[in-house]
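Residues per chain, in single letters:
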Amino acid sequence: MHNLNRRSILKAAVTFATAPAFMAGLSGIGCAIAADSGSKSSLDLPLLTKKRTLGSGKYAMEVSAIGFGVMGANYNRGISPDKKTMIKLLRDAAEHGITLFDTAQVYGPLINEKLAGEALAPFRDKVAVTTKFGHSIVNGVYQKGKLNSRPENIRKVAEESLKRLKVDAIELFYQHRFDPAVPIEDVAGTVKDLIREGKVKRFGLCEVGPETIRKAHAEQPVTALQSEYHLMWREPENSILPVLEELGIGFVPYSPLNRGFLGGDMTAYTKFDSGNDNRNTLPRFTPDALGKNLLFVEMLNRFGRPRGITGAQAALAWTMRKDGFVPIPGTTKLAHLEENIRAANLNLNSKDWNELEKMLSGIEIVGARYPAEQQKQVQRS
Ligand SMILES: NC(=O)c1ccc[n+]([C@@H]2O[C@H](COP(=O)([O-])OP(=O)(O)OC[C@H]3O[C@@H](n4cnc5c(N)ncnc54)[C@H](OP(=O)(O)O)[C@@H]3O)[C@@H](O)[C@H]2O)c1
């Protein structure tokens, strides 16, 4: 029943899009379809033409308004389609205007970077594949919970990632988690050297606090910070986003659909693959939390319905409501890719967002986002 609703909403959005662009709330979609007519693709995917700039000055980076998180293509999101299918989906995304793809050494480990490299090699002059260092991986095996941002390891990861990604320079190289054993100035300094040597183009950080951001940025300007950010996790608003704005650093919200939950396909009975899905370990994905948090999804759908959009589109568009925010949702499905691209072309305004916030305010969110051990690896202040 639910899926039928989703499909009909999406279909309605497409139908509306062919109507004049002044129709309420859908002018962005109309523009996308207009752009479609120039597309040579046989697919019905809209062309994403909206761009955004991450960072500022010499290290700024222009990318599509929405990116693609590659992680779930073969890691941490359960059973995924075969490699050939995922390669095709990544290429469809690139052909339809997505220019920012996100992976990391630790995803797999290694296999996710390899997949991104192989899939996107034909687009290497058109898209940016960003990757990350900082977890400990020894002989291809992830050392659970261990970090390694020592300069020699950053250099080693850079050399190996270049090969896996099949590029001459890494477009944006993030530290994946702060390593208390290595001063951030040394991390930033190492990336600065790699930039000087032409192996890396830009520097990024993930889940670090304001002081770390300032110290790193003073050594090597930071292009973007990646943090979990969505309607059910807004903590970066407290002390991170103001610093990014002050310093001219871009923001890449990761898991913008709360790891799929805001997409509306889950219930209290949803089971996650025990071998390759980290949602199994997250307090927010226990049957109790899933069931109770469904109220959030219901409200999103209620918000989306009169606007001709799905709850997932509303959730994604919300993470794009400010310039300089570029979310990176992951998907293994063409239909979801289409939905997500269309979300980037929506023109919702502050009145819409105020209404959504009012609808969601007062709903208690059940379950922490990370278990205690993983939460220790993210800085909060
Ligand atoms: N820096 C970090 O520490 C960090 C941590 C986590 C993730 N990330 C990055 O963020 C990216 C995305 O994160 P994520 O995969 O955790 O979370 P997400 O993007 O919030 O959710 C992905 C899930 O949402 C589903 N989905 C996508 N579009 C949908 C739609 N339109 N409707 C309904 N469901 C939809 C996908 O399922 P289907 O396959 O069925 O579409 C997938 O399982 C990752 O790929 C990674 O690059 C970074």
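Cut-off values and rules
Residues numbered from 1 in each chain as written. Predicted model: local features only at pLDDT ≥ 70, side-chain atom pairs only at ≥ 80, totals over all residues. Helix = DSSP H or I, 4+ residues; strand = E, 2+ residues; numbered from the N terminus. Buried ≥ 20, exposed ≤ 12 C-beta atoms within 10 Å, placed from the backbone. Contact = placed C-beta atoms within 7 Å. Pairing = 2+ DSSP bridges. Near = placed C-beta within 6 Å. Nonpolar A, V, L, I, M, F, W, Y, C, P; charged D, E, K, R; others polar. Axes fitted to C-alpha atoms, helices over the stretch in contact; angles between N-to-C directions. Core = buried A, V, L, I, M, F, W, Y, C linked by C-beta atoms within 7 Å. Right-handed = clockwise from strand over helix to strand, strands pointing away. Parallel < 35°, antiparallel > 145°, perpendicular 65-115°, else oblique. Left-handed = near helix turned anticlockwise from the far one by under 90°. pLDDT = per-residue confidence, 0-100.

Draft legend 1. Looking closely at the overall build of the protein. Secondary structure assignment for the protein yields 14 helices and 11 strands. Counting only residues that meet the buried cut, the protein has 48% of its 381 residues in that class. Sequence-distant contacts in the protein: of pairs separated by 6 or more residues, those separated by 24 or more amount to 75%.

Draft legend 2. Structural context of the pairing of strand β6 (residues 135–138). With burial as the criterion, only one face of β6 is covered, namely that bearing H135 and I137; the residues S136 and V138 on the opposite face remain uncovered. Bridging between β6 and strand β7 (residues 141–147) involves three bridges; their strand directions are antiparallel. Bridging from a neighbouring strand, I137 pairs with Y142 of β7. Between β6 and β7, which pair antiparallel in sequence order, lie two residues; one of them, N139, sits at a positive phi of approximately 50 degrees.

Draft legend 3. Inspection of the site of the ligand at higher detail. Surveying the vicinity of the ligand reveals 29 residues, the closest of which are G69, M71, L257, G260 and G263. Looking at which element gives the most residues to the shell around the ligand, the answer is helix α12 (residues 334–344), with three residues. Residue classes in the shell around the ligand are distributed as nine nonpolar, 13 polar and seven charged.

Draft legend 4. Spatial organisation of the sheet that holds strand β10 (residues 222–228). Sheet architecture is open: seven strands sit in the order β3-β4-β5-β8-β9-β10-β11, paired in parallel fashion. The sheet is open, and its two borders are formed by β3 (68–69) and β11 (250–254), each paired with just one other strand. As paired elements, β10 and β11 share five bridges and run parallel to each other. Across the sheet, E228 pairs through a bridge with Y254, a residue of β11. Along the sheet face, helix α7 (residues 210–219) touches β9 (203–206) and β10 and points at about 155 degrees away from the line of β10.

Draft legend 5. Looking closely at the nonpolar core. I66, F173, L225 and A315 are the most contacted members of the largest nonpolar core, which has 94 residues in total. With six residues, helix α11 (residues 311–319) is the largest single contributor of residues to this core.

Draft legend 6. Quick peek at the pairing of β9. Covered by surrounding structure in β9 are F203 and L205 together with G204 and C206, the residues of both alternating faces. Bridge analysis of strand β8 (residues 173–175) against β9 gives three bridges, and the strand direction is parallel. Bridge assignment links Q175 to a residue of β9, and that residue is L205. Taken together, β8, helix α6 (residues 184–196) and β9 form a β-α-β motif whose crossover is right-handed. Strand direction decides the pairing type here: β9 and β10, joined by four bridges, are parallel. Its bridge partner being in β10, G204 is matched across the sheet by A224. In this region the chain leaves β9, passes through α7 and returns to the parallel neighbour β10; the handedness of that crossover is right-handed.

Draft legend 7. Seen up close, the environment of E118. Examined against the element boundaries, E118 turns out to sit in helix α4 (residues 111–120). For the pair formed by E118 and K166, sequence separation is 48 residues and the distance between their alpha carbons is 7.4 Å.

Draft legend 8. Structural detail: α12. In terms of residue burial, α12 counts as a mostly covered element, since nine of its 11 residues are buried. Those residues of α12 not exposed but buried are H336, L337, E338, E339, N340, I341, R342, A343 and A344.

Draft legend 9. Summary view of the packing of α4 against helix α5 (residues 151–165). Between α4 and α5, whose axes approach to 7 Å, the crossing angle comes to 45 degrees. Here α4 lies oblique to α5, going by the angle between them. Facing E113, K114, A116 and G117 of α4, the residues of α5 in contact are S161, R164 and L165. Class assignment of the residues belonging to the contact of α4 with α5 gives a composition of two nonpolar, two polar and three charged.

Draft legend 10. Structural context of the packing of α6 against α7. At their nearest, the axes of α6 and α7 sit 8 Å apart, and the two run at 35 degrees to each other. As for the relative orientation of α6 and α7, their crossing is right-handed in sense. Within the contact between the two elements, α6 uses I184, E185, V187, A188, G189 and K192 and α7 uses T212, K215, A216 and E219. Here the residues of the contact of α6 with α7 sort into four nonpolar, two polar and four charged.

Draft legend 11. Focus on unusual backbone geometry. The omega torsion across G108 and P109 is 0 degrees, close enough to zero to call that bond cis. Of note, P109 is situated in the loop between β4 (100–102) and α4. You will see that L110, though not glycine, has its phi angle at about 75 degrees, which is positive. If you trace the backbone, L110 turns up in the loop between β4 and α4. Positive phi, normally seen in glycine, also occurs at E207, with a value near 50 degrees. On the secondary structure map, E207 appears in the loop between β9 and α7.

Draft legend 12. Region of the structure containing the environment of P180. One can find P180 in the loop between β8 and α6. Distance in space between the C-alpha atoms of P180 and S149 is 9.1 Å, their sequence separation being 31 residues.

Draft legend 13. Spatial organisation of the confidence of the model for the protein. In the predicted model, the protein carries a mean pLDDT of 89, and 88% of its residues have values of at least 70. Summarising per-element confidence for the protein, the mean pLDDT is lowest in helix α2 (residues 27–36) (31) and highest in β8 (99). With pLDDT under 50 throughout, residues 1–41 is counted as low confidence; its partners more than four residues away or in other chains account for 50 contacts.

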